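Examining the three-dimensional arrangement
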Amino acid sequence: MRRLIWLSVVAAIAIAYPLLLSSPFQQRLGALVLLYAIAASAWNIVGGYAGQVSVGHVVFFGCGAYAAMGSYAKFGLSPLLGIPGGIVLAVGLAAIIGVPTLRLSGHYFSMATIAVAETVRLIVTNTEWLGAAVGLSGPTVPRNVFDLSFLSSLPYYYLFLVVLVITLLITWWMTNSRMGFYLRAIKDSERAARSLGAPASRTKLYAYMLSAALTSVAGALYAMMFGFVDPESGLGILISVKILIMAALGGAGLLFGPLIGAAILVPLEEISNSWLGGKGAGLTFVVYGAIIVLIARFQPGGLLSLFTGRRKPGADKGAGHAP
Amino acid sequence: MNFKHVTRLFCAAAMFLALGSGAQAQDKVIKIGVIMPMSGGTASIGAHAKAALEVAMDIINNAHPELGNLPLAKNAGLAGLGGAKIEAVFADNQGNPATGQNQALRLITEEKVAAVFGSYQSGVTLTSSAIAEKYGVPFLNSESVAANLTERGFKWFFRTTPIATDFAKIYVDFLADIKAQGAKTDSVAVVHDNTEYGTSVANTIAGAFKEKGRPIALDIAYPVNATDLQGQVLQLKDKKPDVVIMISYTSDAILFAKTMQSLDYKPPVLLADDAGYSDPSFTKAVGKISQGAFNRSSWVVGPPGSASAIIADMYKKKSGEEMDDTVARQMQGFFVLADAIDRAGSTEPAKIQAALKATDLKPEQLMIGYKGVKFDDKGQNVLASGAIIQLQDGENYVSVWPKANAEKAPMLPYKGW
C-alpha cells in the first residue's frame, strides 16, 4: 500500500514537473533527467541485476544514435524509423559481444567491454559513410512532426517519460519473472546458481541483449533531441561511465535507483556547469567529482538504499560491485 | 518518517527553482552569450578566447582613440545604443555537442542574450547554432571551419573565418606570385593526415589546383599521431616535387621535421596549413631545423603603434601569451558582432540579423588580415582571407605575403637546418 502511495507521488511529480517549472532550460533539464534515467535503467538490467558491470554500453547507445541520424541523413526518412533498426543492430551486436565476453567475470568483463567500445568508436571515426570524424546531423528545420525536432522540450519530456515507464515496466516484469530470480542467483554466486541448474550463460546473454535494446532506444532519443551525433558524443567511453555512475549512485539493482541517480547527477552537472563553467578552470568537474566521492564514501549502496535499506537490511549489498 | 521524505523532495524541488533566478536585467548592458571549451582537452583554447574577448570588451566599452579606424574603439560603449556596454556571458561547452546546445538554450532563454558567439569545435557549433536558429537569435562563429556549417540553409548563422576553399585560393595565389619571382612551383605534393581536417582540406586544395589546370602531382596520406614517417618522406625524396604542402597536427609536424633532417630531405618550397605548424610547441621543438617553412595565418602583427600591435600588446598583458591566429580570428569575430549590434541600434534579434547581413567592413577597419567582412546568403564571410608567414629568424614567424602587409621578403628555397 505504502509503495503504491509512493509510486503515485513520484508519477504525479514526473507528470507535473514541466508544467510547474516552465522555463525552457528547466524543461530541458527534466527531459535530460528522464533520458539518462532510461539509459541507466537499461544498464541496470545487466549491470545491477545480473552484476555484470559493462563499461562498454555506449556501443549500444551509439547504435541507436547512429541509426536514428542515419535514417535521416542517409535515406531522408524520419529519425523515428531508425529506432527499430538501432534495436536490431544493438541486439545483434550484443549477441556477438556477449557470447565471448560474458564468460569473463568481474573486472575482466568490464575491460573487454571497454575494448569493444573503443574499437567501434575508432571504426566509425574512419568510416566515410557514417560521417567519419564529422558525424551525422539530423533535421534542423523539421519537415513534419515525425522528424521529432521541436523547439520546446515539452514533447521530448513526455516522450521520454513514456519510454522510461515502459523501460521500468519491462525491468519490473523481468525481476519478477523466472529470469529475474536466475539473475539474482547468478549475481550472488554464479557457481552456486549453475550447480542448482540455472542456465547462467543463457540468462546473462538474454539480459545483456535486453539491456542493449533499451540502451539503443535511449541513444536514438538522445540523437533526436540534439540533432547530431559524432564518434565522441555517440560512442565516447565517458557516456558509458556517466550512465554507470548514475545507476550506482541511485542504487544499482534497484528498480528506481537509476532514476534517482539521474535526477541528482544530471541537474548537478548542468547547474554546476551553468554557474561555474563560464568562470573557467574546470570548476564544474571538481564540484561534480567531489559530490560523487562523498556519496561513494558515505552511501556506497546508492542513495535509494537510504530508504529501502531500513526496510530490507542488506538488500543492496550487490551494488558495491559497481566501480 | 514520511514527513522527512517529503522534506527531502522539497529540497530537491527548491534546487530546481533556484535555477531561474540567475538572470537579472541591468541598464544599458548588452549581453552576448559566448560558448567556448573552458574545460577538457581544449580548455586552453577557452581560456585564451576569454582573455581575448575581455580585451575586446575593454576596447569596445572604453574609449581607445589610439586604435584608429577600428569600429567602436573611439568612444566608450556602443554609440548606436546610447553608449551601452557589451557584456560577454561565458559558458563552458566541455567540448561536447550536447552540453554546447544546453548552454546555448540557457544563454538564450535565461540570460536573454542578444546574440550567441562560439563554439570552437565544429560539432558543438553545429548543435548550438541549431538552437539559436530555432529561437531566431543571431549566431556568429569565428573559428569553426567545417564546410557543412554554412550549407544548412540557416538564416541566423554567420561565419567570419576563412574556410578550406579560402585557404586553397591563398596557396594558389601565393605560389603563382613566387613563381613570377623565379621560383619553380610546377609539381605540387600534398601531405595530410587521415582526420576530418586533413582529408577535407587536402581535397579542397587538390580541387583548387585542378581548376587552375595544375593537378596535384602527389597525394600522401598518413595515419594521425604517426610513430614513423620515413616511408612518406622517402616517397617525397623519390618524386622530388617542387612544392610540398603539409597538413598536420603538432606531433606529426614535429616528427616530419625530424625525419626530414635525418633523411636529409629538403623540398624547394615547404608550405604548411596552419594547425601544428602554428603551435608554439612546434616552433620550440623543431623551429631551428624548419627554417624557411611557409605557413598560413590570418593574424599578422603590424608595425609598432598600429592597431594590431597595440591589441597584441593588450592581449599579452592580459593572458601572458603571444597572440595567435585562432585567438585573433575570435577577437575579430566578436568585433564584427558588436559592430552589427551597434549599427542595429537595438537588441532586437531581427534588427541585429539585418545589420549582420548589411555588414561591409573594409580591411583598414579590421585587426586581422581579411580583405574585409561581408556575408553571402549562407552567412559565410566572402572576404575572409589569410596571409603567408615564414619561419625566418629561429623560432619566430614573420609575414612575407601579400606584399602589402609583409615584414620581410620570402626567403627561398627552403633552408631547413
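You'll find the structure just up there.
Here is a short report on the structure shown in this document. Please read these numbers as outputs of a predicted model, since none were measured by experiment.

Regarding the overall build of chain A
Counting secondary structure elements, chain A contains 14 helices and two strands. Relative to a compact globule of 323 residues, whose C-alpha radius of gyration would be 20 Å, chain A shows 19 Å and is just as compact. With the C-alpha coordinates aligned to their principal axes, the bounding extent of chain A is approximately 55 × 45 × 40 Å. Counting all 323 residues of chain A, 54% fall into the buried class. Excluding contacts between residues fewer than 6 apart, the proportion of contacts in chain A whose partners are at least 24 apart in sequence is 76%. On chain A, roughly 13,900 Å² of surface is accessible, and the fraction owed to carbon and sulfur atoms is 72%. Averaging the positions of the 21 positive and the 10 negative side-chain charges in chain A gives two centres separated by 14 Å.

A few points about the overall build of chain B
Counting its secondary structure elements, chain B contains 12 helices and 12 strands. A globule of 417 residues ought to have a C-alpha radius of gyration of about 22 Å, and chain B, at 23 Å, matches this closely. Each of the three principal axes of chain B carries a C-alpha extent, and together these read 80 × 60 × 40 Å. Looking at chain B residue by residue over its 417 residues, the buried ones come to 57%. Partitioning the intrachain contacts of chain B with sequence separation of at least 6 by distance along the chain shows that 66% fall at a separation of at least 24. Roughly 16,300 Å² of accessible area belongs to chain B as shown, and the carbon and sulfur atoms make up 54% of that amount. When the 41 basic and 42 acidic side-chain charges of chain B are each reduced to a single mean position, those positions are 1 Å apart.

Let's talk about the sheet that holds strand β6 (residues 188–193) of chain B
Residue and element names in this part refer to chain B. Taking strand neighbours across the sheet as the criterion, the seven strands line up as β7-β6-β8-β9-β10-β11-β12 in an open arrangement whose pairing is mixed. The open sheet terminates on both sides in strands that have one partner only, identified here as β7 (218–222) and β12 (396–401). Strand-to-strand twist across the sheet, computed as the mean angle between neighbouring axes with direction ignored, equals 30 degrees. Pairing between β6 and β7: five bridges, direction parallel. For Asp193, the partnering residue across the bridge sits in β7 and is Tyr222. Seen against the sheet, helix α5 (residues 164–180) touches β6, β8 (243–247), β9 (269–272), β10 (294–297), β11 (387–393) and β12 and runs at an angle of roughly 160 degrees to β9.

Focus on the interface of chain A and chain B
Contact with chain A, which involves 45 residues of that partner, is made by 40 residues of chain B. For chain A, the biggest contributors to the area lost against chain B are Phe25, Thr140 and Leu151 of chain A; these three give 15% of the whole. Inspection of the region where chain A meets chain B yields eight residue pairs in polar contact (both at pLDDT 80 or more). Mapped onto the side of chain A that touches chain B, the elements with two or more residues apiece are α1 (2–20), α2 (24–49), α9 (200–226), α12 (257–276), α13 (283–298) and α14 (305–311) of chain A.

A look at helix α2 (residues 43–61) of chain B
With 19 residues, α2 of chain B extends 27 Å between its outermost C-alpha atoms, agreeing within 8% with the 27 Å of an ideal straight helix rising 1.5 Å per residue. Extensive coverage of α2 of chain B is indicated by the burial of 14 of its 19 residues.

Some remarks on the nonpolar core
Generally speaking, a soluble globular protein has its nonpolar side chains buried in company with each other. Residue and element names in this part refer to chain A. Counting residues in each nonpolar core, the largest one holds 86 residues, and the members touching the most others are Phe60, Phe160 and Tyr208. A per-element tally of this core places α2 first, with 16 residues. Not counting the four nearest positions on each side in its chain, Phe160 is found in contact with Ala31, Leu34, Leu35, Ile38, Leu221 and Met225.

Overview of the sheet that holds strand β3 (residues 115–118) of chain B
All names here are of chain B. If you trace the five strands from one edge of the open sheet to the other, you get β2-β1-β3-β4-β5, paired in parallel fashion. Looking at strand neighbours, the two that pair on one side only are β2 (85–92) and β5 (157–159), the edges of this open sheet. Going from strand to strand, the sheet's axes swing by 25 degrees on average, the running direction of each strand aside. As paired strands, strand β1 (residues 29–36) and β3 are joined by four bridges and run parallel to one another.

Remarks on the pattern of salt bridges
Residue and element names in this part refer to chain B. Overall, the coordinates contain 18 salt bridges over all chains when judged by the stated rule. One salt bridge in this structure joins Asp173 and Lys169, with 3.4 Å as the shortest N-O distance. On the criterion of helical spacing, the pair formed by Asp173 and Lys169 is a turn pair, its members being four residues apart in helix α5. On the basis of relative accessibility, which here comes to 47%, the residue Lys169 falls in the partly exposed class.

Here we look at helix α3 (residues 58–73) of chain A
In this model α3 of chain A runs 21 Å from its N-terminal to its C-terminal C-alpha over 16 residues, within 8% of the 22 Å that 1.5 Å per residue would give. Counting buried residues in α3 of chain A gives 14 out of 16 residues, a clear majority hidden from the surface.

A look at the pairing of β11 of chain B
Residues and elements named next belong to chain B. In terms of burial, β11 is a largely internal element, six of the seven residues being buried. Both β10 and β11 contribute to a ladder of four bridges, which runs antiparallel. Bridge pairing links Ser297 to Ala387 in β11. In this structure, β11 lies alongside β12, joined through five bridges in antiparallel fashion. Looking across to β12, one finds that Leu391 is bridged to Tyr397. Following β11, the chain reverses through two residues before pairing antiparallel with β12; Gly394 in that reversal takes a positive phi of roughly 75 degrees.

Considering unusual backbone geometry
All names here are of chain B. In this model, Gly118 is joined to Ser119 through a cis peptide bond whose omega is 0 degrees. The residue Ser119 is located in the loop between β3 and α4 (122–135) in this model. The linkage connecting Leu412 with the following residue, Pro413, adopts the cis geometry, with an omega of -10 degrees. Among the secondary structure elements, Pro413 is positioned in the segment after β12. The backbone of Tyr120 shows a phi angle near 70 degrees, a positive value even though the residue is not glycine. The topology assignment puts Tyr120 in the loop between β3 and α4. Classification of Tyr120 by relative accessible area gives partly exposed; the value is 23%.

Re the packing of aromatic side chains
According to the stated counting rule, one finds 16 aromatic pairs over all chains in the structure shown. A centroid spacing of 5.1 Å and a plane angle of 65 degrees characterise the contact between Phe158 of chain B and Phe375 of chain B, whose relative ring orientation is edge-to-face. Of the two residues, Phe158 of chain B is situated in strand β5 and Phe375 of chain B in the loop between α12 (349–357) and β11; the sequence distance between them amounts to 217 residues. Judged by its relative accessible area of 9%, Phe375 of chain B falls in the buried class. Aromatic pair Phe174 of chain B and Trp401 of chain B: ring centres 5.6 Å apart, planes at 70 degrees, arrangement edge-to-face. Here Phe174 of chain B is found in helix α5, whereas its partner Trp401 of chain B is found in strand β12, with 227 residues between them in sequence. Given a relative accessible area of 13%, Trp401 of chain B falls into the buried group. Ring pairing ties together the aromatic residues Tyr17, Tyr157 and Tyr158 of chain A, which thus form one cluster. Above the ring of Phe181 of chain A, the side-chain terminus of Arg184 of chain A is found at 5.1 Å from the ring centroid.

Digging into the side chain of Asn102 of chain B
With respect to the helices, strands and loops of the structure, Asn102 of chain B is situated in helix α3 (residues 97–109). Take Asn102 of chain B: its relative accessible area is 2%, and that puts it in the buried class. What Asn102 of chain B contacts, discounting residues up to four positions off in sequence, is Phe25, Arg28, Leu32, Phe226 and Glu270 of chain A.

Calculation rules
- Residues numbered from 1 in each chain as written.
- Chains lettered and ligands numbered in written order.
- Predicted model: local features only at pLDDT ≥ 70, side-chain atom pairs only at ≥ 80, totals over all residues.
- Heavy atoms only, no water.
- Helix = DSSP H or I, 4+ residues; strand = E, 2+ residues; numbered from the N terminus.
- Rg over C-alpha atoms; globule rule 2.2 N^0.38 Å.
- Buried < 20%, exposed > 50% of the residue type's maximum accessible area, 1.4 Å probe, protein only.
- Contact = heavy atoms within 4.5 Å.
- Areas by Shrake-Rupley, 256 points an atom, 1.4 Å probe, with all protein chains shown as cover.
- Lys, Arg positive; Asp, Glu negative; His and termini not counted.
- Charge placed at Lys NZ, Arg CZ, Asp CG, Glu CD.
- Pairing = 2+ DSSP bridges.
- Axes fitted to C-alpha atoms, helices over the stretch in contact; angles between N-to-C directions.
- Buried area = accessible area lost by both parts, 1.4 Å probe.
- Polar contact = N/O pair within 3.5 Å; in protein donor to acceptor, adjacent residues only side chain to side chain.
- Expected span 1.5 Å × (residues − 1).
- Core = buried A, V, L, I, M, F, W, Y, C linked by side-chain atoms within 4.5 Å.
- Salt bridge = Lys/Arg side-chain N within 4 Å of Asp/Glu carboxyl O.
- Phe/Tyr/Trp six-rings, centres within 6.5 Å; stacked < 30°, edge-to-face > 60°.
- Lys NZ or Arg CZ within 6 Å of the ring centre and 35° of its normal.

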